[in-house]
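Each chain, letter by letter, is given below.
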Amino acid sequence: MDATQKWANERRIRDLMKVLEENKFNAVYAENKDEARRIVMDMIPEGSTIAVGGSVTLNETGILDEIRKPEYKFIDRYNTKTFEEMLDKYREGYFADIMVSSTNAITMTGELVNIDCTGNRTSQIVFGPKKVIIVAGVNKIVDTLEEGMKRAKKIAPMNARRITHKTPCATDDNIKCINCHDHARVCNVTSIVTGCHYFPGRITVVLVPEILGY
Ligand code: SF4
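All residue numbers refer to position in the chain's written sequence, counted from 1. For a predicted model such as this one, the threshold for reporting local features is a pLDDT of at least 70, and the threshold for listing and counting side-chain atom pairs is 80 or more; totals across whole chains, interfaces and linings nevertheless cover every residue. Only hydrogens and water are set aside; all other atoms, that is, all heavy atoms of the structure, feed into the side-chain values.

A closer look at the overall build of the protein chain
Working step 1: Only DSSP runs of H or I reaching four residues or more are called helices, and only runs of E reaching two or more are called strands; each is numbered from the N terminus. Each helix and strand in the protein chain was counted, giving seven helices and 10 strands.
Working step 2: Within these notes, the globule rule equals 2.2 Å times the number of residues to the 0.38 power, and the radius of gyration is based on C-alpha atoms. Its C-alpha radius of gyration of 17 Å places the protein chain within 12% of the 17 Å reference for a compact globule of 214 residues.
Working step 3: Principal axes of the C-alpha set define a box for the protein chain whose edges measure 40 × 40 × 35 Å.
Working step 4: Counting only contacts in the protein chain whose residues sit at least 6 apart along the sequence, the fraction spanning at least 24 positions is 74%. Two residues qualify as a contact provided that any one of their heavy atoms is within 4.5 Å of a heavy atom in the partner residue.

Below you can see the structure in the form of structure tokens.
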């Protein structure tokens, strides 16, 4: 990324941080994905129980690898033998000390927008884990709530494909949403978090001027 683009990205993020802080989120700027990883891990005390939302960003930043280290109690939703066992891990996540996730979109008006299949990620961001850390690249930032909803919906087919749900929008030759009624539909739950006024600072948003996830 050239210096001018990075400057523009940082300016946008700094403006967004002011809005987030008004909405009682914590907001932190990270120069790059490595700094984001350090910031996130510095926020997590050893021995914490940690839940995660499904996220390409957590892989790309190396945060997921860090969370797997033995000094943490990772509620490992990826290491289960059956669907029921995976759902039990999701349920455990509601009692986690910390949940780490990305977001499908974050608006310049200070809202987090997410769409889920089962709803564990969307709902745990809203309530349950004592603290939530959201890591988001600059590509997740949009101007308005309407654009946030559009963005979340636009990337749903990619998320369906990533998690191998055989939806009509994630076939070899189609990526368009047909508002399906498939069992595998990934768009069952939408959450919009507009603020943390009742639990100030419960959610920290770490913003990175790089493209992370999709
Ligand atoms: S509603 Fe169905 S077709 Fe549309 S994006 Fe979601 S999973 Fe894909």
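The discussion continues.
Considering the site of the ligand
Working step 1: Taken together, Lys153, Ala156, Thr167, Cys169, Cys177, Ile178, Asn179, Cys180, Arg185, Val186 and Cys187 make up the full set of residues near the ligand.
Working step 2: Charged residues are taken to be Asp, Glu, Lys and Arg, nonpolar residues to be Ala, Val, Leu, Ile, Met, Phe, Trp, Tyr, Cys and Pro, and polar residues to be all remaining types, Gly included. The residue inventory of the shell around the ligand, partitioned by class, reads seven nonpolar, two polar and two charged. Near residues are defined by distance, with any heavy atom within 4 Å of the molecule or strand qualifying the residue.

Considering the nonpolar core
Working step 1: Residues grouped as a nonpolar core are buried Ala, Val, Leu, Ile, Met, Phe, Trp, Tyr and Cys residues, joined through side-chain atoms within 4.5 Å. Relative accessibility thresholds used throughout: buried, under 20% of the residue-type maximum; exposed, over 50%; partly exposed, between the two (1.4 Å probe, protein chains only). Counting 25 residues, the largest nonpolar core has Leu112, Ile203, Val205 and Leu207 as the members making the most contacts within it.
Working step 2: Elements represented by at least two residues in this core include exactly α1 (3-22), β1 (26-29), β7 (131-137) and β10 (203-208).
Working step 3: Counting residues in hydrophobic clusters, the runner-up holds 21 residues, among them Ala30, Val135, Val206 and Val208.

Some details on the sheet that holds strand β8 (residues 141-142)
Working step 1: Pairing within the open sheet is mixed, and its four strands lie in the order β8-β5-β6-β9. In this open sheet, the two edge strands, each paired with only one partner strand, are β8 and β9 (189-193).
Working step 2: On the sheet, helix α7 (residues 145-162) packs against β5 (105-107), β6 (112-116), β8 and β9 and is oriented at approximately 30° with respect to β6. Two strands form a pair only when DSSP identifies at least two bridges running between them. Axis lines are fitted to C-alpha atoms, over the contacting stretch for helices. Their N-to-C directions set the angle, which ranges from 0 to 180 degrees.

Comments concerning the side chain of threonine 107
Working step 1: Note on placement: threonine 107 falls in strand β5.
Working step 2: Threonine 107 gets classed as buried once you look at its relative accessible area, which sits at 0%.
Working step 3: At 3.0 Å, the side chain of threonine 107 forms a polar contact with the side chain of threonine 109.
Working step 4: Once you skip the residues sitting within four places of it in the chain, threonine 107 turns out to touch Leu16, Val113, Val142, Asp143, Thr144, Leu145 and Gly148. Polar contacts here mean pairs of N or O atoms no more than 3.5 Å apart (in protein, one a potential hydrogen donor and the other a potential acceptor; neighbouring residues in sequence count only if both atoms are side-chain atoms).

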